[in-house]
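If you want the building blocks of each chain, they are given just below.
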Amino acid sequence: MDKQKVDNILKEMTLEEKASLLSGKNFWESQDIERLSVPSIFFADGPHGLRKQMLSADHLGLNESVKATCFPTAATLSCSWNEDLLYSVGECLGREARSLDVGVLLGPGVNVKRNPRCGRNFEYFSEDPYLAGKYASAYIRGVQSQNVSACVKHFAVNSQEKARMVVDSVVDERALREIYLTPFEMAVKEGKVKCVMSSYNRINGTYANENPHTLTDILRKEWGYDGVVVTDWGGNNDRVEALKCGNEIEMPTTGGETNKEVVEAVKSGRIDESVLDDCVRRLLNLVFSLSENQTEDYDKTRHNQVAKEASEESSVLLKNEGVLPLSPNERVCIIGDFASNPRIQGGGSSAVNPTAVSSVLDCVKDYPINFVGYERGFERYGKKKKGLIKKAVKLAQKSDKVLLFIGLDEVTETEGIDRATLSIPKNQIDLLTALSVTGKKIVAVLSCGAPVETAWDDKVQGLLHCYLTGQSGAEATLNILTGKVNPSGKLAETYPFSEQDCPSYNFYLKNDLTAEHRESIYVGYRYYEKSDTPVKYPFGYGLSYTKFSYSDLNVDEKGVSFTLSNVGDVDGKEVCQVYVSKPESKVFRAVKELKGFKKVCLKAGESVKVSIPFDEYTFRVFDVDKNKFVVEDGEYKISVGRCSTDNGLSKNVLISGEKLCPKMGDGEIPNYYLGTVKDVPASEFEKLLGYPLPDGQLKFVKRKRIIVDYNTAIVHLRYAKGFVGRLFSWGIRTAYKVLKGTGKRKTANVILMGPYYMPVRGLSRMTGGMITAKQLDCLIEMFNGKFFKGLKGYIKAGKEAKKLKKQNKTK
């Protein structure tokens with residue numbers, strides 16, 4: 001972008017224009033300035049497919065969007081372990097965005113999967129920050145190759161959906177830097193992302209969109225990011241403080257309400273106009289870098305093919321007792337609702353209106369399968385229907401093999417709601433139990449976007465986990481089941497035996513106002529291996545129809561090399577994984593950490609030399625005392641293998657670095673050195689934090705009543721002093737219960753995703769200025785029991801707003 005052009009425009013802009021430019025024009029577009037020829041940018045979801053809404057735009061997915069290719073979700077793609085594939089998907093998304101004149105694609109989501117119950121995990125890549133960062137960087141490069149900006153989100157530590165717009169993520173500095181920020185760092189440094197979305201939540205007491213530590217000290221100064229930061233929709237707390245931290249754009253529009261605050265802040269000296277100039281300059285650079293795009297159509301057939309290939313590479317074979325691939329001579333029946341009505345994605349703002357969707361039942365006729373019939377088997381949303389089970393058992397008895405399609409429904413895995421358990425519905429387990437009694441061999445095909453408990457898998461002889469496949473998943477699944485494609489996916493997250501085994505189990509979703517990340521760096525496999533907790537399926541695990549062997553490992557300070565051989569009789573792909581350990585360390589560490597990987601395709605009987613280089617992330621550890629990443633001096637163990645628990649080759653290497661002398665050792669924080677963090681006491685976590693834990697519960701003043709402010713969640717208005725607040729909250733909660741009780745589950749979920757946990761300020765910020773700032777203050781007075789004063793002020797403020805609007809229209 002021509003710097004002189006930007007500077008010239010900046011000189012011509014009024015203070016009011018600068019303020020307006022840094023806020024939305026409407027729900028999806030940034031502001032334009034016609035007299036200075038500054039165009040707007042169109043923002044659109046989402047991570048696995050374009051969701052552009054034309055009319056009646058909303059953030060909740062209520063209204064239909066333009067048709068677009070629905071690719072497998074991030075949780076699915078992560079099992080491919082293929083950066084080239086992520087680039088291809090990103091490239092397709094960028095091309096589709098450009099075809100619809102979208103300037104910024106709101107993805108990828110790179111929040112680390114702290115707990116498998118998080119309702120939005122299907123949108124995220126992994127429990128491992130390095131893997132998530134590599135995927136994000138490849139995806140971003142693909143999107144931005146089409147001169148469309150990607151927008152990495154949600155920055156940062158957005159680990160749950162419950163109270164997501166008000167919750168305070170309490171996390172120690174080392175976990176923040178090594179686990180939760182690393183994927184964003186890689187997206188900035190390797191992906192060269194042009195846009196970052198700040199998250200709704202607080203981080204250690206300060207809202208993410210106005211957090212100087214994460215936005216200024218780390219993102220801007222340390223990482224050197226010079227792109228744009230946009231709020232999540234309705235996620236701006238204090239716009240002036242946000243601008244001070246370089247959070248340029250507030251979305252969506254507030255009808256000019258917060259623009260007034262910015263102008264007044266400059267005039268009063270609360271913020272220097274030069275800060276606005278820096279923000280405007282960065283935004284103009286983005287606007288003009290995207291303004292030259294020419295819209296052109298995309299090849300729908302090719303994109304559908306990429307979606308299919310992505311699903312094929314990402315499906316994970318978890319169990320195979322000689323039942324796969326299927327034989328053409330076997331009589332095969334298909335049972336399960338998901339075979340006819342497939343799960344292709346999760347719910348919420350990322351939901352795509354696909355260009356085409358096929359089901360296994362639609363496609364089975366095109367495959368060499370001796371198909372003898374289909375039965376639904378179970379009611380999708382968990383209702384018990386014995387008649388469905390009886391019909392399924394009767395069909396199974398006529399078959400040699402059963403293909404059973406089970407999983408989670410689309411209203412269980414959605415934005416705005418965290419899952420209640422890790423179980424699949426009991427009616428599906430009852431069906432499986434009944435089918436197992438027939439003695440027929442069963443292949444279960446699992447559809448869900450996050451780990452589930454699989455105690456039932458002793459009743460199946462084969463288990464193929466397809467995650468959420470995108471629109472072309474049926475063909476991909478059948479290609480694997482019939483052996484046309486050799487499965488090569490590997491898990492990007494650990495499958496525990498039960499929810500109680502998770503490191504965050506005792507603290508996850510337990511508080512009203514805080515999310516205590518007491519487990520620190522011990523997320524996923526880092527915890528399970530350190531604490532010797534057995535797991536069902538380990539991180540990086542996945543089977544193939546062939547076998548691979550590893551040999552001839554060489555390690556030096558630059559990287560590793562080894563020989564990989566396909567010792568089976570089928571062509572296949574293997575994911576080679578490199579893990580690094582520091583057995584003798586002065587700081588607490590995981591047993592091992594993923595630091596490299598490569599997917600290799602080999603013909604049967606073929607061998608190849610594989611090289612995987614080290615990088616800046618391989619040996620680093622965050623030194624809290626020095627406030628920087630360092631390399632600890634000493635000997636490291638380098639392991640290579642097929643998953644986190646199966647590292648067949650290993651060698652030690654000496655790496656020069658710094659001697660670490662942490663202020664807190666195993667005497668002060670013993671549980672962190674031992675890895676026994678599931679029950680770590682508050683006093684020990686406070687030592688790690690360096691300050692007392694904030695109160696995580698609502699503060700009642702008397703008789704279970706609270707003082708309502710801008711950041712009180714709507715759901716918590718049930719404890720408001722004023723009856724208006726209690727009535728308002730009751731209406732929201734009742735609407736949810738009624739909708740859910742009458743079977744309108746998707747609409748009920750929209751309430752949880754939108755107003756249920758929304759802070760009171762959202763009544764103004766998310767209504768496009770329909771409720772003014774003055775009216776909001778009056779509402780809060782009513783919520784706090786000053787009904788008549790608040791009502792009088794509300795009516796007066798409404799009349800003033802109406803008069804001002806009329807005057808502006810006349811001008």
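Residues numbered from 1 in each chain as written. Predicted model: local features only at pLDDT ≥ 70, side-chain atom pairs only at ≥ 80, totals over all residues. Heavy atoms only, no water.

Q: Can you break down the environment of Lys-603 residue by residue, with the values?
A: Note that Lys-603 resides in the loop between strand S21 (593-602) and strand S22 (607-613). Relative accessible area serves as the criterion here: at 55%, Lys-603 is assigned to the exposed category. A C-alpha to C-alpha distance of 29 Å links Lys-603 and Lys-558, two positions 45 residues apart in sequence. Dropping the residues within four chain positions of it, Lys-603 is found in contact with Asn-566 and Asp-571. (Helix = DSSP H or I, 4+ residues; strand = E, 2+ residues; numbered from the N terminus. Buried < 20%, exposed > 50% of the residue type's maximum accessible area, 1.4 Å probe, protein only. Contact = heavy atoms within 4.5 Å.)

Q: Help me get a handle on the pattern of salt bridges, residues and values and all.
A: Enumeration according to the criterion identifies 60 salt bridges in this entry. Note that Glu-296 and Arg-98 form a salt bridge whose closest N and O atoms lie 2.9 Å from each other. In this pair, Glu-296 sits in the loop between helix H11 (273-290) and helix H12 (300-314) while Arg-98 sits in helix H4 (residues 83-99), placing the two residues 198 residues apart along the sequence. (Salt bridge = Lys/Arg side-chain N within 4 Å of Asp/Glu carboxyl O.)

Q: Tell me about the nonpolar core, residues and numbers included.
A: One finds Phe-43 and Trp-233 to be the most contacted residues of the largest nonpolar core, which totals 163 residues. What Phe-43 contacts, discounting residues up to four positions off in sequence, is Trp-28, Ser-30, Val-104, Leu-106, Val-230, Trp-233, Ile-249 and Met-251. (Core = buried A, V, L, I, M, F, W, Y, C linked by side-chain atoms within 4.5 Å.)

Q: Let's hear about the side chain of His-154: which residues, and what values?
A: Checked against the element boundaries, His-154 lands in strand S3 (residues 149-155). Look at His-154 and you get buried, because its relative accessible area is 1%. A distance of 3.0 Å separates a polar atom in the side chain of His-154 from a polar atom in the side chain of Tyr-124. Once you skip the residues sitting within four places of it in the chain, His-154 turns out to touch Asn-111, Arg-120, Tyr-124, Phe-184, Met-197, Ser-199 and Asp-232. (Polar contact = N/O pair within 3.5 Å; in protein donor to acceptor, adjacent residues only side chain to side chain.)

Q: So what's going on with the sheet that holds strand S20 (residues 572-581)? Residues and values would help.
A: Spatial strand order, S21-S20-S25-S26: four strands in an open sheet with antiparallel pairing. Either end of the sheet is taken by a strand with one partner, and the two such strands are S21 and strand S26 (649-655). Strand-to-strand twist of the sheet, defined as the mean angle between neighbouring strand axes without regard to direction, takes the value 20 degrees. (Pairing = 2+ DSSP bridges. Axes fitted to C-alpha atoms, helices over the stretch in contact; angles between N-to-C directions.)

Q: Help me get a handle on unusual backbone geometry, residues and values and all.
A: For the peptide bond that leads from Asp-45 to Gly-46, omega is 15 degrees, which places it in the cis range. Mapped onto the elements, Gly-46 comes out in the loop between strand S1 (43-44) and helix H3 (74-77). In this chain, Phe-155 is followed by Ala-156 through a cis amide linkage whose omega measures 10 degrees. One can find Ala-156 in the loop between S3 and strand S4 (168-170). The backbone of Tyr-467 sits at a positive phi, close to 55 degrees, despite the residue not being glycine. Tracing the backbone shows Tyr-467 in the loop between strand S14 (462-465) and helix H17 (473-481).

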